[in-house]
Amino acid sequence: MMDGPIFGKGRPVKLILLGRGYRILEIVESFPKRGTTTTVITNQKEIYDHLADRETARYFANPADVRLAEMGIAVNPEDVVVFSIDSAAELRGALDNFYRTQKLTAQSTVFS
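Worth saying up front: this structure is predicted, and the values here are computed from it rather than measured.

Participant: Hey, could you run me through the overall build of the protein chain in this one?
Facilitator: Within the protein chain one finds three helices and five strands. The buried share of the protein chain, taken over its 112 residues, is 43%. Sequence-distant contacts in the protein chain: of pairs separated by 6 or more residues, those separated by 24 or more amount to 52%.

Participant: Whenever I open this one, the packing of aromatic side chains confuses me. Can you help?
Facilitator: Aromatic ring pairs are reported here in terms of the distance separating the ring centres and the angle at which the planes meet. Enumeration according to the criterion identifies three aromatic pairs in this entry. Relative to tyrosine 99, the ring of phenylalanine 98 has its centre 5.5 Å away and its plane inclined at 80 degrees; by these criteria the two rings are edge-to-face. By relative accessible area, phenylalanine 98 is classed as buried at 3%. Through successive ring pairs, a cluster of aromatic residues spans Phe83, Phe98 and Tyr99. Of note, arginine 58 hangs over the ring of tyrosine 48, and the distance from its end group to the ring centre comes to 4.0 Å.

Participant: Got a minute to help me understand helix 1 (residues 23-30) in this structure?
Facilitator: Where helix 1 is concerned, the buried positions are Ile24, Leu25, Ile27 and Val28. One side of helix 1 holds all its buried residues, which, seen down the axis, span an arc of 160 degrees. Tucked into the core, helix 1 has its buried residues touching strand 1 (13-19), strand 2 (36-42), helix 2 (45-50) and strand 4 (80-84).

Participant: Looking at this model, I keep getting lost on the environment of proline 63. Mind explaining?
Facilitator: Tracing the chain through its elements places proline 63 in the loop between strand 3 (57-60) and strand 4. Taking relative accessible area as the criterion, proline 63 reaches 4% and is therefore assigned buried. Expressed as a C-alpha distance, the spacing of proline 63 and isoleucine 41, which sit 22 residues apart in the sequence, is 6.2 Å. In this view, proline 63 contacts Leu18, Gly19, Ile41, Thr42, Asn43 and Ala94; residues no more than four positions away in its chain are not counted.

Participant: Please clarify how the nonpolar core should be interpreted in this entry.
Facilitator: Among the nonpolar cores identified, the biggest contains 15 residues, and Ile16, Leu18, Ile41, Val66, Leu68, Val81 and Phe83 are the most heavily contacted of them. Every element with two or more residues in this core is listed here: strand 1, strand 4 and helix 3 (88-101). If near-sequence neighbours (up to four positions away) are discounted, isoleucine 41 is found in contact with Leu17, Leu18, Gly19, Tyr59, Ala61, Pro63, Val66, Leu68, Met71 and Ile73. Counting 13 residues, the second largest nonpolar core, distinct from the first, contains Val13, Leu25, Val28 and Phe31.

Thresholds, definitions, all that
Residues numbered from 1 in each chain as written. Predicted model: local features only at pLDDT ≥ 70, side-chain atom pairs only at ≥ 80, totals over all residues. Heavy atoms only, no water. Helix = DSSP H or I, 4+ residues; strand = E, 2+ residues; numbered from the N terminus. Buried < 20%, exposed > 50% of the residue type's maximum accessible area, 1.4 Å probe, protein only. Contact = heavy atoms within 4.5 Å. Phe/Tyr/Trp six-rings, centres within 6.5 Å; stacked < 30°, edge-to-face > 60°. Lys NZ or Arg CZ within 6 Å of the ring centre and 35° of its normal. Arc of directions from axis to C-beta. Core = buried A, V, L, I, M, F, W, Y, C linked by side-chain atoms within 4.5 Å.

Structure (structure tokens):
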């Protein structure tokens, strides 16, 4: 579990997860609950339904073509964005869409 100046001790961190698979659930569990606001965007019904009882914002949408701003989700420099997509072609499409449509205000690092 992460802890430090950003995670749980400074400004709240927004964790935005996009993708499919049970790794999403593992990632949600690996971040501290205090100081982290988590949003999951998936088009996998099992994952979407599994998160129903958690304090996690969830959206049923295709991670490859979602526009976060249209969903009311702003990405700030201190936020963490994680893509969990197995197919290299789908991941490339999702990353291209993300950088093309998100109008980022600062340099961002994206984990996949």
